[in-house]
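# Structural characterization, general
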Amino acid sequence: MQLTTEQEQLERDNGEFLATITNVHSDIAIKALRKHNGDMEKAADALLDGYRGEDWETKHRTTPEPTHSDGLTTSTSSANAALPSASVIDLTNDDDDMTRAIQMSMETSSQTQTQPHFGPTDRAPHPEWQMVRSNAPVQPIAIDEDHNLNEAIQASLQDFKEDVEEASPFKQTIRDGGRPIALRTDTRALAYATLVIQALYFIPQVRATVSTLRLPGIDPDTPLDHPDHAMWTLIELFTNMDLAQLAAIVDNELLTSLDILPFDGRHTLGEASAIVVKTVGTLIEQHMQAQAGPDEEPELLFSFTHGHIQLVNDLSQKISRSPEDGVVVNVDFGHGSLHNDLISCISDHLNQYTTKGSMHDVILKPSDLITFNLKRHPAPSGTSSASPDPFVYPKAFFLDRFLFDNLALTNSKRKKEREMLEEIKQLNAYKETLTRSEGRDALQDLKATIYYYEEVADPSDDPVRERALKAVADHLRDIVTMIEGKVEDIDHQLEKLQADVALVYDCPELQIFQYDLRAVLVHTGLPGRKQMYSYVQDTEGAWWKTVDQEVTEAPEETVLTDPSGLHLGAGPYMLFYSRHLTDEQLHEPLVWPSIFSNAVEENNKKFLEMMHPELEIFSATRETTELPPVTRELPVPHERRGTVSRQSSMAAMDVDDPSSMAMSQ
């Protein structure tokens, strides 16, 4: 049937839009449209399910089709040419040997892979990658004593086997309510880095700072790893994470621009994540410094200055400032540590006391954000396999006790604290001598002896023996009563001392710099892509758990006490805290560059128009697509303008399209 000029234009427009959201060539999108008689949703479903025009081409094509990539490839892009490929391992197969599977997940091979997987390409990944949910049942996995945490982490990054979902994925891709967007990447070994980027977005100070930065001037010749290009991409990504309506974003360009390395097991997961935090922090602070006025000193967002002080008889003998600012604080705990909670571990690490004096690492000027890299030290092999205690971290804490300006006051408080802790130690030791003997419960043994003299021993109708048995029982009962009285008194003293210790720093002078928990990164210690996840808090105070592409609300108690990975030396490995903000500050509106916000708004409308009106999520979300007017217009290089608009319009599906600039040329 011959189409009119208007019909041909409409078909081309619809085909181009389908091509953008499914990452296929526009000609293939048009074939899908014709196959389904112009039905946009059916055509989109077919393209997302892998249709590439095969049956249509067989019947109707008479000319060669332009070469294209559909995102399913085993080759790597030039930017990642040095990265080894890895076979896809199904770790849910009962017949697989666990250890062998973990080892195979890290093996490098130049051979052709037997199963296709989503690897880095020179264009955006297929949106189906971010929409498919795994339906494979989780099988019990046995972990032997030689379990290696780094191997499990690498397996988590490598295990990206996708299952095919027959139902239309559109509804699952819409972001409903205040649910955060799941940030992902199609480079498996970089999945850890996307958790860090997502966590940083949910730090209110980081998000607000990025929104106020001016867009740097870039052009098509600007290298991908140039700081200006990275900053441009970061602002664009954050804009989409705030305004886009889809549930997941696939990022490729930002991590490449930041030169973030894939996880290879040479560092711990926390150390690798700390590098990402430092890289992003350096990028943002450099642009803050460059855009500050001549007499304006930018706030310390990531970097805090710190130094070392040595005291002898409470007098300063030596003060030195560290040459490098701090960003991520390492917290060691586990085997050999005196404590298992965040604040005590920090205090143990920063303060050392000797008979001659003390040494202190202090913060000279605090930053708005403080990140903690948690490093659990496992017990040596062959020692008792008792369950380790969970690491305890608070919902909020005060940094004042670690500041240089409060050193004198804090030292007096610490001295009082040490005295009370020593008294607690002595009381516990005394209680131990009263109630324990050669590893046994002395009180229980005494009570058993009393029972013997009163109920078991036979007086044999001998009055003298009967009186003797009674006298011994009465004497033992008096001893038990005396011991129980002393134990009760010790318990009262311990209770009071422990309450005093908990309040030793509870004074207005040490409660100014409050920091609130904003995000937690966790690894369970088991292999699999769903064993690495994050908790982030939104501006309403709700906590959200991101596992792969699934985002669900989580109780705050779970965030603070998640026991996952405890028996495998894993668990929480990174904590993000930032300065306390008032409710009004948390809800201050963000104004993003209009070149990005307008494109996201337009994309939201176009995508929602593809939804069936009867879907509840359509009507619920449609009302939220009208964004407040953006008053800021920033200069954009002419060469970049068309490219950015197209890239931003698709950012809800795939924020960074490395091929967009090349396509625009």
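The preceding data block contains the structure.
Overview of the structure.

Cut-offs used in this document
- Residues numbered from 1 in each chain as written.
- Predicted model: local features only at pLDDT ≥ 70, side-chain atom pairs only at ≥ 80, totals over all residues.
- Heavy atoms only, no water.
- Phe/Tyr/Trp six-rings, centres within 6.5 Å; stacked < 30°, edge-to-face > 60°.
- Helix = DSSP H or I, 4+ residues; strand = E, 2+ residues; numbered from the N terminus.
- Buried < 20%, exposed > 50% of the residue type's maximum accessible area, 1.4 Å probe, protein only.
- Salt bridge = Lys/Arg side-chain N within 4 Å of Asp/Glu carboxyl O.
- Pairing = 2+ DSSP bridges.
- Patch = residues over 30% accessible without salt bridge, like charges linked within 9 Å, V, L, I, M, F, W, Y side chains within 5 Å.
- Areas by Shrake-Rupley, 256 points an atom, 1.4 Å probe, with all protein chains shown as cover.
- Lys, Arg positive; Asp, Glu negative; His and termini not counted.
- Charge placed at Lys NZ, Arg CZ, Asp CG, Glu CD.
- Polar contact = N/O pair within 3.5 Å; in protein donor to acceptor, adjacent residues only side chain to side chain.

## Regarding the packing of aromatic side chains
Scanning all chains against the criterion turns up 11 aromatic pairs. With a centroid separation of 5.9 Å and an interplanar angle of 20°, the aromatic rings of Phe397 and Tyr515 are classed as stacked. Of the two residues, Phe397 sits in strand 9 (residues 396-398) while Tyr515 sits in strand 12 (residues 514-523), which places them 118 residues apart along the sequence. On the basis of relative accessibility, which here comes to 4%, the residue Phe397 falls in the buried class. Ring geometry for Phe397 against Tyr577: centres 5.0 Å apart, planes inclined by 80°, an arrangement best described as edge-to-face. Of this pair, Phe397 sits in strand 9 while Tyr577 sits in strand 16 (residues 571-579), and the two are 180 residues apart along the sequence. The same class applies to Phe397 as to Tyr577, namely buried. Through a chain of ring-to-ring contacts, the aromatic side chains of Phe372, Phe397, Tyr515 and Tyr577 assemble into a single cluster.

## Here's the deal with the pattern of salt bridges
Summed over all chains, the structure comprises 17 salt bridges. The residue Asp500 makes a salt bridge to Lys496 at a minimum N-O spacing of 3.1 Å. Pair noted here: Asp500 and Lys496 are both in helix 16 (residues 463-502), with a separation of 4 residues, about one helical turn. Among the residues examined, Asp500 registers a relative accessible area of 28% and is labelled partly exposed. The class for Lys496 is exposed, based on a relative accessible area of 54%. A salt bridge links Lys605 to Glu601; the nearest nitrogen and oxygen atoms lie 3.6 Å apart.

## Topic: the pairing of strand 13 (residues 532-537)
Across the 6 residues that make up strand 13, a large majority, 6, are buried. Across the two faces of strand 13 the burial is the same, with Met532, Ser534 and Val536 and Tyr533, Tyr535 and Gln537 all buried. Here strand 12 pairs with strand 13 via 5 bridges, running antiparallel. Residue pairing across strands places Ala519 opposite Val536, the latter belonging to strand 13. The hairpin turn running from strand 13 into strand 14 (residues 543-547), its antiparallel successor, is 5 residues long, and Gly541 in that turn takes a positive phi close to 90°.

## A look at a negative patch on the surface
On the surface, Asp458, Asp461, Asp462 and Glu466 cluster together into a negatively charged patch. With respect to the helices and strands, the residue Asp462 is situated in the loop between helix 15 (442-456) and helix 16. Assessed through its relative accessible area of 33%, Asp462 is described here as partly exposed.

## Some words on a nonpolar patch on the surface
Judged by side-chain polarity, Ile319, Leu364 and Phe404 come together as a nonpolar surface patch covering roughly 260 Å² of accessible area. For Ile319, the location among the structural elements is in strand 4 (residues 315-321).

## Structural notes on the pairing of strand 7 (residues 357-365)
As defined by bridge partners, strand 3 (residues 305-312) adjoins strand 7 across 8 bridges and the pair is classed as antiparallel. Counterpart to His308 in the pairing with strand 7 is Asp361. Examined bridge by bridge, strand 6 (residues 351-353) and strand 7 share 3 bridges and lie antiparallel to one another. Opposite Asn351, over in strand 7, you have His360 as the bridge partner. Between strand 6 and strand 7, which pair antiparallel in sequence order, lie 3 residues.

## Quick notes on the side chain of Arg175
With respect to the helices and strands, Arg175 occurs in the loop between helix 7 (149-158) and strand 1 (182-184). The charged side chain of Arg175 is buried without a salt bridge, its nearest counter-charge being Asp242 at 5.5 Å. For Arg175, the side chain forms a polar contact with the main-chain oxygen of Arg179, separated by 2.8 Å. Here the side chain of Arg175 touches Asp242 through a polar contact of 3.4 Å, landing on its backbone oxygen.

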